[in-house]
Amino acid sequence: MLHNFKSSLIHEREQAERADRFYHDVLKATDIKRYNSDSEADMAMQKQDVDVQLTVNETVFRVSEKFRDKDYGDLYVEVFSKYPHTPGWMHTGSPNAILYFTPESVYWITHKSLSTFCLEVLFPLIPTKWYEELFQSHKTIVSKRILFNKKFIRINLIQAHNKDGASWETIGVSAPFSFFEENGVKIKRFPAIT
């Protein structure tokens, strides 16, 4: 399946109103500042994977927003923005939190705990040849099993075939939310606002 980058960006920006309602109504944010104007300053924030800045209880949070049209019960983490040479947002991002929006739920994921687990534990367990095999196969998703703490855990390697004039492949990994939580990733779930 071909992933149209511009269409995806438009869809993400359309979700901003829904996200802002969640920030106001649920998190009680007193200030919301979006970085989506395509200005030089906003693009600098986007390159750090920061979409919005929130003030909640007088604390400022830099937030990366992720939107999914369905809740698969798993967390997707980008490993390669452009395979094989450009690292994904897990490597390059600097938000305080990732807010993961699905139709039924919103997940607040503490970036530092996710980053530490992915970069120090999860990613080193994934053989680099698996990424190359996925890339060469042109498949969208491949399920694999990794040995973790003496038991096998199922993960998915997911490849998006992007086109925006040029073509490139984005590759990431997904695993159940419970797997991340059991390994120190701080995740808080909220009901979504419709």
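The structure contained in this document is the topic of the report that follows. The shown structure was predicted, so the numbers you read here are calculated from the model rather than taken from an experiment.

**Re the side chain of Arg34**
Along the polypeptide, Arg34 turns up in strand E2 (residues 31–34). For Arg34, a relative accessible area of 19% translates into the label buried. Among the polar contacts made by the side chain of Arg34, one reaches the side chain of Glu65 at a distance of 2.8 Å. Filtering out sequence-adjacent residues up to four positions away, Arg34 remains in contact with Ala16, Ala19, Asp20, Tyr23, Asp42, Asp51, Val52 and Glu65.

**A look at the side chain of Glu169**
Mapped onto the secondary structure, Glu169 falls in strand E11 (residues 166–176). Only 2.5 Å separates the side chain of Glu169 from the side chain of His161, close enough to count as a polar contact.

**Comments concerning the sheet that holds strand E8 (residues 105–110)**
Strand order in the open sheet formed by six strands is E2-E3-E4-E7-E8-E12, and the pairing between neighbours is mixed. A strand with exactly one partner marks an edge of an open sheet, and here the two such strands are E2 and strand E12 (187–191). Within the sheet, the average angular offset between the axes of one strand and its neighbour, ignoring direction, is 25°. With five bridges connecting them, E8 and E12 associate as antiparallel partners.

Quick notes on the rules
Residues numbered from 1 in each chain as written. Predicted model: local features only at pLDDT ≥ 70, side-chain atom pairs only at ≥ 80, totals over all residues. Heavy atoms only, no water. Helix = DSSP H or I, 4+ residues; strand = E, 2+ residues; numbered from the N terminus. Buried < 20%, exposed > 50% of the residue type's maximum accessible area, 1.4 Å probe, protein only. Polar contact = N/O pair within 3.5 Å; in protein donor to acceptor, adjacent residues only side chain to side chain. Contact = heavy atoms within 4.5 Å. Pairing = 2+ DSSP bridges. Axes fitted to C-alpha atoms, helices over the stretch in contact; angles between N-to-C directions.

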